[in-house]
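For reference, the chains in residue letters:
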Amino acid sequence: QVQLVESGGGLVQAGGSLRLSCAASGGIFSINAMGWYRQAPGKQRELVARITSGGSTNYADSVKGRFTISRDNAKNTVYLQMNSLKPEDTAVYYCNGNLYVLGYGARDYWGQGTQVTVSS
């Protein structure tokens, strides 16, 4: 029932911008935290940004000052605004949510991922 659906990925030139969206649905009582991870081929998956229920944010050092995570609680949606994109930002970006679902408690859920490609 629970789904995290990402959108907004694509191909952009270096220096460009993209905004990723992740909409959560399916019996969600509350959102404890949501974040974005990314993984390039042959690389480890890494945390890009996270936002907690209290609004605290964390960013990877490599994206600090360029990326901004935000949320719309009414829509159960988290966003990642990515500015000044670099080729090294190229990866599949995954939405992660620690969600409280009635009957299940708090659990981690993952989206299917969206490809971000930054060309030189």
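Residues numbered from 1 in each chain as written. Predicted model: local features only at pLDDT ≥ 70, side-chain atom pairs only at ≥ 80, totals over all residues. Heavy atoms only, no water.

Engineer: Tell me about the overall build of the chain, and name the residues and values.
Structural biologist: Helix and strand counts for the chain stand at 0 helices and 11 strands. Here the C-alpha radius of gyration of the chain, 14 Å, is about what a compact globule of 120 residues would show, namely 14 Å. Oriented by its inertia axes, the alpha-carbon framework of the chain measures out at about 50 × 25 × 25 Å. Per-residue burial for the chain yields a buried fraction of 36% across its 120 residues. Sequence separation of at least 24 residues holds for 54% of the intrachain contacts in the chain that already meet a minimum separation of 6. When the accessible surface of the chain is split by element, carbon and sulfur atoms take 45% of a total near 6,500 Å². One way to put it: in the chain the 11 positive side-chain charges average out to a point 2 Å from where the 7 negative ones average out. (Helix = DSSP H or I, 4+ residues; strand = E, 2+ residues; numbered from the N terminus. Rg over C-alpha atoms; globule rule 2.2 N^0.38 Å. Buried < 20%, exposed > 50% of the residue type's maximum accessible area, 1.4 Å probe, protein only. Contact = heavy atoms within 4.5 Å. Areas by Shrake-Rupley, 256 points an atom, 1.4 Å probe, with all protein chains shown as cover. Lys, Arg positive; Asp, Glu negative; His and termini not counted. Charge placed at Lys NZ, Arg CZ, Asp CG, Glu CD.)

Engineer: Before we move on, can you summarise the pattern of salt bridges with the specific residues and values?
Structural biologist: Under the defined criterion, the tally for this structure stands at 4 salt bridges. The shortest N-O distance in the salt bridge between Arg38 and Asp89 comes to 3.0 Å. Separated by 51 residues along the polypeptide, Arg38 in strand 4 (residues 28-39) and Asp89 in the loop between strand 8 (77-82) and strand 9 (91-101) bring together distant segments of the chain. Exposure remark for Asp89: the relative accessible area of 1% places this residue in the buried category. (Salt bridge = Lys/Arg side-chain N within 4 Å of Asp/Glu carboxyl O.)

Engineer: Describe the state of the cysteines, listing the residues and the values that go with them.
Structural biologist: Enumeration according to the criterion identifies 1 disulfide in this entry. Two residues, Cys22 and Cys95, share a disulfide whose sulfurs are 2.1 Å apart. The sign of the -85° torsion about the S-S bond sets the Cys22-Cys95 disulfide as left-handed. With Cys22 in strand 3 (residues 18-25) and Cys95 in strand 9, this pair connects stretches of sequence that are 73 residues apart. Taking the relative accessible area as the measure of exposure, Cys22 reaches 0% and is therefore buried. (Disulfide = S-S within 2.5 Å.)

Engineer: Go over the nonpolar core, please, and point to the residues and values.
Structural biologist: Formed by 28 residues in total, the largest nonpolar core has its most connected members in Trp36, Leu80, Met82 and Tyr93. If you list the elements that add at least two residues to this core, you get strand 3, strand 4, strand 5 (46-52), strand 7 (67-72), strand 8, strand 9 and strand 11 (114-119). If one sorts the elements of this core by residue count, strand 9 sits on top with 5 residues. Setting aside residues no more than four positions away along its own chain, Met82 makes contact with Gly16, Ser17, Leu18, Leu20, Arg66, Phe67, Tyr93 and Val116. (Core = buried A, V, L, I, M, F, W, Y, C linked by side-chain atoms within 4.5 Å.)

Read these as spatial facts, not as claims about activity.
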